[in-house]
Amino acid sequence: MHEPLAIKLRPKTLDDIVGQEHLVGKNKVIRNMVKNNHLFSMILYGKPGIGKTTLAMAIVNELKLNYRILNAVINNKKDFDIVVEEAKMYNGMVVIMDEIHRLNKDKQDLLLPYLENGLITLIGITTSNPYHKINPAIRSRCQIFELKELTDEDIIKALNKAVKCEYLPNIKIDNETIEYITKLSSGDLRNAYNLLEIAYYSTNDYKITIDVIKNINSKPVFFHDKNEDGHYDVLSAFQKSIRGSDVNAALHYLARLLEVEDLDSIYRRLSVIAYEDIGLANPSIGPKLDAAINACERVGLPEARIPLSAVVIEMALSPKSNSAIMAIDKALNDIRSGNVGNVPKHLKTNSKDYLYPHDYPNACVKQQYLPDKIKHKEYYQPKTTSKFETSLKSVYEKLKKSSQ
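Scope of this entry: the structure provided in the associated data block. If you're wondering where the values come from, they're calculated on a predicted model, not measured in any experiment. (Residues numbered from 1 in each chain as written. Predicted model: local features only at pLDDT ≥ 70, side-chain atom pairs only at ≥ 80, totals over all residues. Heavy atoms only, no water.)

1. Some points on the overall build of the protein
Quick reminder of the rule: Per the convention used, a helix needs a DSSP run of H or I reaching at least four residues, while a strand needs a run of E reaching at least two, with both numbered from the N terminus. Our radius of gyration is a C-alpha quantity, and the globule rule it is checked against amounts to 2.2 Å times the number of residues to the power 0.38. Only heavy atoms matter for contacts: two residues are in contact if any of them lie within 4.5 Å across the pair. In this description, accessible areas are obtained by the Shrake-Rupley approach with a 1.4 Å probe, and a residue is regarded as covered only by the protein chains that are shown.
Of the regular secondary structure elements, the protein holds 19 helices and seven strands. Here the C-alpha atoms of the protein give a radius of gyration of 30 Å, more than 25% beyond the 22 Å that 2.2 N^0.38 yields for 404 residues. C-alpha extents for the protein along the principal axes are approximately 90 × 55 × 40 Å. Sequence separation of at least 24 residues holds for 72% of the intrachain contacts in the protein that already meet a minimum separation of 6. Accessible surface computed for the protein: about 22,900 Å², of which carbon and sulfur atoms make up 51%.

Next comes the structure, spelled out in C-alpha cells:
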C-alpha cells in the first residue's frame, strides 16, 4: 500500500507543526499543556488540511500516551467498547476521534461516563463549528480550540521542506512553481503535498514546472462543502458583501458559488437579500431578481452566470434599507412576549361601526386599528437612503399627523 506524502511528512512533535502559533507557539496554551505534562479533553476544529489530526498526533507523541484513533461514523459501537476495555487495562487512554460532530447518541452515552471520570481523554476533530454541531454533553466536557487557516508562507515553508526530503529523490522544482502550487492549494497543506507528489510521479525526469501542474489541476481549490460550515461561510460573505455595497467582493463570492454550480443556494440567498437588505430602498429589485432567476433556469450554466452577474451588480450598488425586516421583527417580538391586546370592536367581522376608507377623501379616515394595549406602538421606522422610501416616509408622517 502506498502511503501518501502528506502522511510520510506528518510532524511528530509540536516544533514541526506548520502554523498554529496561537496554540503551539512559545508560552501558548497547548505548548504549555504539553510542557506541564498534562492533557485535557479537547475539540480541534478548522478547515480541511490545516493540521488538526497532525496536532493531535504530535500531542500524544510528545506526552508518550497510549491512544487510539476512531471515526465517529465508520467505527461501530463494538469498536468503542474495545477502546474502553483497553483504557481500563492501561488505566487511561487518549481517543482521537475524527468527525466527532457525527457521533450518534449510543456512542455518546457509552463515552460520557468515561470522559467524566477521566478514564478516557478525548481529542475530537471536526471541520464543523462545534458550538453548532456537537452535542452539548460532549462539548461541555472539552476545551475547544480553533485552528487557523495556513498562510501562503506556511505552505511555501512546508513545500520547501518536502522537496528536500528523502521521499522525492532527484526532484527539480523552482520557487515560482512552488508558489503556484501554494495558490492552488488555498491553504490546504494536504492538498499541496498531494499535488506535489502527483506531479513528481507524472514526469519522466522528476522536473516539476507550472505547465506540469496545470496539466494536473488548473483550478484553485477552496473550501466549499455544501453540507458543512464552509458552504455557509461563502453564502454569509456573499450576503454581507452585497449589504456592504462591495460589488467586487459580491462578484467574487458569486463566482465561488457558480464554480460549484450551486444555483439553488444563490437563488435563495439573493431572494433574502432583495427584501432584507435592499427592501423599500429599491422595491423593483424583487421582480428584477425573479426575472434573472427565470432566465437562469431557461439557459442553465454556464450562461446563467450572465443574468446573475447583472442582478448582483445592481443589488450591490443599490441603495439599502432594512426598515421592513426591522419593523416585522419588532411586531413579532411583541406577539411572542404577549404584548398583544384585543382586536378593536369596530374591526371585527360584520361590525357596523367600521368606517370604510374608500368612502372618504383620499381613501383615508381616522380610526383606531391597533388594540388598545398597544395603540401608540410604532414598528416602522422609515429610512431616507432612497427616493422611494423618502416618499413613503412623507406619506407615513402625514398619516400619523392626521390620526392625532
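Now that the structure has been shown, we can carry on.
2. Some details on the pattern of salt bridges
Side chains that carry opposite charge are capable of pairing whenever their charged atoms lie near each other. As a reminder of what qualifies: We define a salt bridge as a side-chain nitrogen of Lys or Arg found within 4 Å of a carboxyl oxygen belonging to Asp or Glu. Throughout this description, buried means an accessible area under 20% of the type-specific maximum (1.4 Å probe, protein chains only), exposed means over 50%, and partly exposed covers the range between.
Evaluated as defined, the whole model comprises 14 salt bridges. Note that Glu149 is salt-bridged to Lys47, the shortest N-O span being 3.2 Å. Here the residue Glu149 occupies a position in the loop between β5 (143–146) and α9 (152–162), and Lys47 occupies one in the loop between β1 (42–45) and α4 (52–63), the gap between them amounting to 102 residues. Take Lys47: its relative accessible area is 25%, and that puts it in the partly exposed class. Measuring nitrogen to oxygen at the nearest pair gives 2.7 Å for the salt bridge that ties Lys183 to Asp152. Here Lys183, found in helix α10 (residues 175–185), pairs with Asp152, found in helix α9; they are 31 residues apart in sequence, far enough to count as distant. Residue class for Lys183 comes out exposed when judged on its relative accessible area of 56%. In this structure Asp152 comes out as partly exposed when scored by relative accessible area, which is 27%.

3. Section: the pairing of strand β4 (residues 120–126)
Using the following cut-off: A pair of strands is labelled paired if DSSP reports no fewer than 2 bridges between them. Think of it like this: strands point away, you trace from the first strand over the helix to the second, and a clockwise trace means the crossover is right-handed.
Judged by how many residues are buried, β4 sits mostly within the fold: seven of seven residues are covered. Residue alternation in β4 divides its side chains into two sets, Ile120, Leu122, Gly124 and Thr126 and Thr121, Ile123 and Ile125, and both sets are buried. In this sheet, β4 lies alongside β1 in parallel orientation, the contact comprising four bridges. Residue pairing in the sheet places Ile43 in a bridge with Gly124 of β4. Between the parallel elements strand β3 (residues 93–98) and β4, the chain passes through helix α6 (residues 105–117) in a crossover that is right-handed.

4. Section: the nonpolar core
Across soluble globular proteins, nonpolar side chains have a tendency to be buried as a group. Under the convention used in this document: Residues enter a nonpolar core if they are buried and are Ala, Val, Leu, Ile, Met, Phe, Trp, Tyr or Cys, with the set joined through side-chain atoms within 4.5 Å.
Core analysis: the biggest nonpolar cluster contains 49 residues, and Ile30, Leu55 and Leu196 have the highest contact counts within it. Beyond its immediate chain neighbours, meaning those up to four positions away, Ile30 contacts Leu14, Leu23, Val24, Met42, Leu44, Leu55, Ile59 and Phe145. Counting 27 residues, the second largest nonpolar core, distinct from the first, contains Leu258, Ile285, Leu289 and Ala316.

5. Remarks on the sheet that holds strand β2 (residues 67–71)
Keep this limit in mind: Lines fitted to C-alpha atoms define the axes, with helix axes restricted to the stretch in contact, and inter-axis angles between N-to-C directions lie between 0 and 180 degrees.
With respect to topology, five strands assemble into an open sheet ordered β2-β3-β4-β1-β5, the strand pairing being parallel. The open sheet terminates on both sides in strands that have one partner only, identified here as β2 and β5. Adjacent strand axes in the sheet meet at a mean angle of 20 degrees when their direction is disregarded. Here β1 pairs with β5 via four bridges, running parallel.

In short, geometric facts, not functional conclusions.
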